[in-house]
Number of protein chains: 4
Amino acid sequence: MEKNRLEAFSDGVIAIIITIMVLELKAPHEASFAALRPLLPVFLSYVLSYVYVGIYWNNHHHLFHSTRRVSAGILWANLHLLFWLSLFPFATAWIGENHVASTPTATYGVILLMAGVAYNILQRAIIAQQGPDSLLARALGSDWKGKLSPVMCLIAIPVAFASPWLVNGIYTFVVVLWFIPDRRIERAIVKRPE
Amino acid sequence: MEKNRLEAFSDGVIAIIITIMVLELKAPHEASFAALRPLLPVFLSYVLSYVYVGIYWNNHHHLFHSTRRVSAGILWANLHLLFWLSLFPFATAWIGENHVASTPTATYGVILLMAGVAYNILQRAIIAQQGPDSLLARALGSDWKGKLSPVMCLIAIPVAFASPWLVNGIYTFVVVLWFIPDRRIERAIVKRPE
Amino acid sequence: MEKNRLEAFSDGVIAIIITIMVLELKAPHEASFAALRPLLPVFLSYVLSYVYVGIYWNNHHHLFHSTRRVSAGILWANLHLLFWLSLFPFATAWIGENHVASTPTATYGVILLMAGVAYNILQRAIIAQQGPDSLLARALGSDWKGKLSPVMCLIAIPVAFASPWLVNGIYTFVVVLWFIPDRRIERAIVKRPE
Amino acid sequence: MEKNRLEAFSDGVIAIIITIMVLELKAPHEASFAALRPLLPVFLSYVLSYVYVGIYWNNHHHLFHSTRRVSAGILWANLHLLFWLSLFPFATAWIGENHVASTPTATYGVILLMAGVAYNILQRAIIAQQGPDSLLARALGSDWKGKLSPVMCLIAIPVAFASPWLVNGIYTFVVVLWFIPDRRIERAIVKRPE
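What to know about the relation of the copies chain D and chain A
Copies of the same chain, two in number, are related to each other by a rotation about an axis and a translation along it.
Part 1 of the argument: Least-squares fitting of chain D to chain A yields an RMSD of 0.0 Å, with the superposition described by an axial translation of 0.0 Å and a rotation of 90°. These values place the two chain copies in the arrangement generated by a four-fold rotation axis. Relative to the rotation axis, the C-alpha of Gly12 of chain D is the closest in chain D, positioned 4.3 Å from it.
Part 2 of the argument: Little of the interface of chain D is mirrored in chain A: 2% of its interface residues are interface residues there too.

If you want it as structure tokens, here you go:
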């Protein structure tokens with residue numbers, strides 16, 4: 001029961017984050033397609049952030065699927081993750097408004113990095129409670145994607161000052177990398193003798 | 001359990017979409033009925049979008065009622081549908097602000113079309129998982145409404161440049177067509193031997 | 001299960017309505033108590049609307065407590081009620097911005113009236129499905145409060161043009177009248193042999 | 001069942017409160033780190049409020065964990081608590097916009113105090129229903145934290161006019177004090193013979 005409420009609250013926060021990002025897409029005052037053109041970077045940064053937040057929701061879903069009980073540490077690790085996700089709309093709006101400039105792109109990378117770190121802390125908090133032989137610990141295994149993503153963000157942050165478009169390409173690559181949700185957990189669950 | 005969380009998340013996103021559209025109805029600075037008049041197209045486009053989003057929620061509800069388990073494909077097909085629904089407030093605001101002009105009306109048609117396509121993809125993803133003999137596959141049958149709506153949107157998009165008011169009439173007609181929720185699924189469920 | 005989702009969706013919409021009303025309370029640019037004074041009518045209209053929406057949530061909660069299954073008619077009657085509730089933030093902002101003027105107060109009365117009518121339609125839709133001997137039908141009995149409130153709103157609308165403050169007093173009186181949630185349903189449930 | 005819906009509604013409202021506070025972090029028009037500097041007090045007040053609302057959600061979660069049935073009094077005590085929490089975004093924005101001035105800091109203290117009072121009323125309403133020998137009543141015991149916090153807010157309000165930064169230090173101290181969620185209830189639940 002405790003877990004259900006943590007999931008419901010996280011779903012609520014993530015649903016709002018994903019939806020308020022679209023508020024940056026302000027309806028232009030003119031009724032022409034030309035008036036839509038300046039909105040294109042805003043739209044693209046919205047799509048990128050939408051997919052990122054979608055991936056987090058998806059993985060959050062898998063993470064708690066294998067969790068039974070929730071400790072105080074997990075509650076706060078989860079609120080910590082939601083905090084960094086709540087800064088996505090700000091960074092998305094800043095990238096969009098400045099047509100993919102260096103500083104907003106680097107800031108976006110910092111927030112991506114911190115969200116990745118927070119997700120790892122949450123994962124560890126859950127494994128700490130379940131024990132190293134748990135379903136989740138075995139399912140994650142070496143977790144190369146979870147380790148590669150923060151490294152790529154760390155590389156991306158300085159590179160953003162040289163070429164923000166390249167860095168947005170890196171972000172898109174990380175998205176593609178994560179697009180397929182974590183089948184390892186799914187597989188382990190299927191194998192589990194109930 | 002997985003399904004419940006997908007439903008809860010979708011409910012959250014749709015609830016926010018339906019509610020932030022009303023934020024476009026900005027309280028006028030003057031306290032007279034005359035000050036309400038410029039809000040009329042904003043109000044009418046809000047009503048139209050409210051009913052559209054309501055229909056999607058309704059059908060989403062029926063679609064998942066007959067679904068037991070949720071695959072990664074269904075999760076992403078659902079996020080894809082929510083993405084297009086999340087653009088409704090933008091298109092609604094644009095129509096309202098420009099008093100039903102051609103380009104915003106055509107843009108609205110594109111978003112309606114894409115939401116219809118996304119709904120069809122979601123339906124197919126669910127049937128693909130359940131098999132062609134499933135309850136949902138049988139319930140949908142020929143699905144003429146699901147096929148007619150995108151065709152009408154495709155017609156509406158170019159016509160919007162000739163007569164935006166006519167096209168808003170087409171949108172209203174499609175709404176009326178869908179107003180009665182999909183009784184086919186309801187009937188099939190009633191017939192199902194439990 | 002169907003009912004749970006209708007409740008969850010309604011909870012989401014009502015939670016957002018209640019929360020976006022507070023967005024009208026814009027932080028003043030100056031850091032003095034004097035800067036708070038112009039916000040007083042905005043604050044008072046927020047309190048009034050908060051209590052109204054709270055009453056609706058409360059009664060909605062009781063109404064569906066005694067409901068088992070949800071028909072298509074109930075789904076749409078519920079969306080119709082949520083539509084009128086979604087206009088509360090608009091009317092609240094308009095009253096607050098114009099320091100309790102006549103036209104916004106009358107408009108608020110129209111929205112209150114329509115929400116009351118929508119609530120009655122929803123109640124009838126539920127009773128129609130459950131039959132006249134149902135728990136809800138017996139619990140409601142003569143329903144004098146449900147009949148008195150729309151009458152008071154109907155009186156309030158024209159009077160608003162003579163004295164908006166008196167009419168806001170009437171709204172406050174109706175709030176007090178409804179403040180105690182519908183114990184009839186609670187009592188009938190307690191009496192019900194399980 | 002009743003309790004679940006109260007929890008879901010509260011989760012929704014708290015999720016929205018926590019998320020709309022971030023809307024005050026408006027993306028600057030310039031793409032430089034210098035443009036972020038004026039946002040620092042806004043960001044710090046967001047972090048403080050985020051943690052406060054997180055603590056309230058956490059404690060709300062524990063409070064209702066030990067509750068079985070929900071009376072009309074509990075419903076309204078809960079709506080009363082949510083009302084004061086809904087004013088957090090306003091006070092947070094006001095502190096942030098004025099770079100930690102006296103009057104906004106004192107106002108924040110008033111809202112913190114009222115939320116604390118509302119939480120105590122809710123706690124009493126639940127204990128009143130459960131009886132003085134209930135799990136919750138025993139778990140709370142002397143409740144020194146629940147009594148110390150309002151006292152510290154009462155001290156903070158006048159001191160804000162002398163030194164707003166000191167008072168924000170007091171708020172941060174209260175946060176640290178509450179950071180560890182109420183283990184008393186957790187412990188009592190563990191001890192409870194099921």
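Re the interface of chain C and chain D
Part 1 of the argument: Chain C puts 40 residues into the contact, and the matching count from chain D is 29 residues.
Part 2 of the argument: Counting each side, the surface lost to burial between chain C and chain D is near 3100 Å², with a carbon and sulfur contribution of 72%.
Part 3 of the argument: Among the residues of chain C in contact with chain D, Tyr50, Trp57 and His61 of chain C are the three that bury the most area, contributing 19% of the side total.
Part 4 of the argument: Our count for the contact surface shared by chain C and chain D stands at two salt bridges.

Details of the interface of chain D and chain A
Part 1 of the argument: On the side of chain A, 29 residues touch chain D, which itself brings 40 residues to the contact.
Part 2 of the argument: Each partner contributes to the roughly 3100 Å² buried at the junction of chain D and chain A, and carbon and sulfur atoms together form 72% of this total.
Part 3 of the argument: Along the contact surface separating chain D from chain A lie two salt bridges.
Part 4 of the argument: With its nearest N and O atoms 3.6 Å apart, the salt bridge here joins Arg5 of chain A to Glu7 of chain D.

Concerning the confidence of the model for chain A
All names here are of chain A.
Part 1 of the argument: On average, residues of chain A score 82 in pLDDT, and 85% of them reach the 70 mark or higher.
Part 2 of the argument: The secondary-structure element of chain A with the lowest mean pLDDT is helix 9 (residues 183-191), recorded at 54, while helix 3 (residues 72-86) shows the highest, at 92.
Part 3 of the argument: Two numbers describe this predicted complex: its pTM, 0.86, and its ipTM, 0.83.

Focus on the packing of aromatic side chains
Part 1 of the argument: What the rule picks out here adds up to 52 aromatic pairs over all chains.
Part 2 of the argument: Between Phe83 of chain A and Tyr50 of chain D the ring centres are 5.0 Å apart and the planes differ by 75°, which places this aromatic pair in the edge-to-face class. With Phe83 of chain A in helix 3 and Tyr50 of chain D in helix 2 (residues 40-65), this residue pair bridges two chains. Across this residue pair, the class does not change: Phe83 of chain A and Tyr50 of chain D are buried.
Part 3 of the argument: A connected cluster of aromatic rings, assembled from ring pairs, spans Phe43, Tyr46 and Tyr50 of chain A together with Phe83 and Trp84 of chain B.

Quick notes on the rules
Residues numbered from 1 in each chain as written. Chains lettered and ligands numbered in written order. Predicted model: local features only at pLDDT ≥ 70, side-chain atom pairs only at ≥ 80, totals over all residues. Heavy atoms only, no water. Least-squares fit on C-alpha atoms with pLDDT ≥ 70 in both. Contact = heavy atoms within 4.5 Å. Buried area = accessible area lost by both parts, 1.4 Å probe. Salt bridge = Lys/Arg side-chain N within 4 Å of Asp/Glu carboxyl O. pLDDT = per-residue confidence, 0-100. Helix = DSSP H or I, 4+ residues; strand = E, 2+ residues; numbered from the N terminus. Phe/Tyr/Trp six-rings, centres within 6.5 Å; stacked < 30°, edge-to-face > 60°. Buried < 20%, exposed > 50% of the residue type's maximum accessible area, 1.4 Å probe, protein only.

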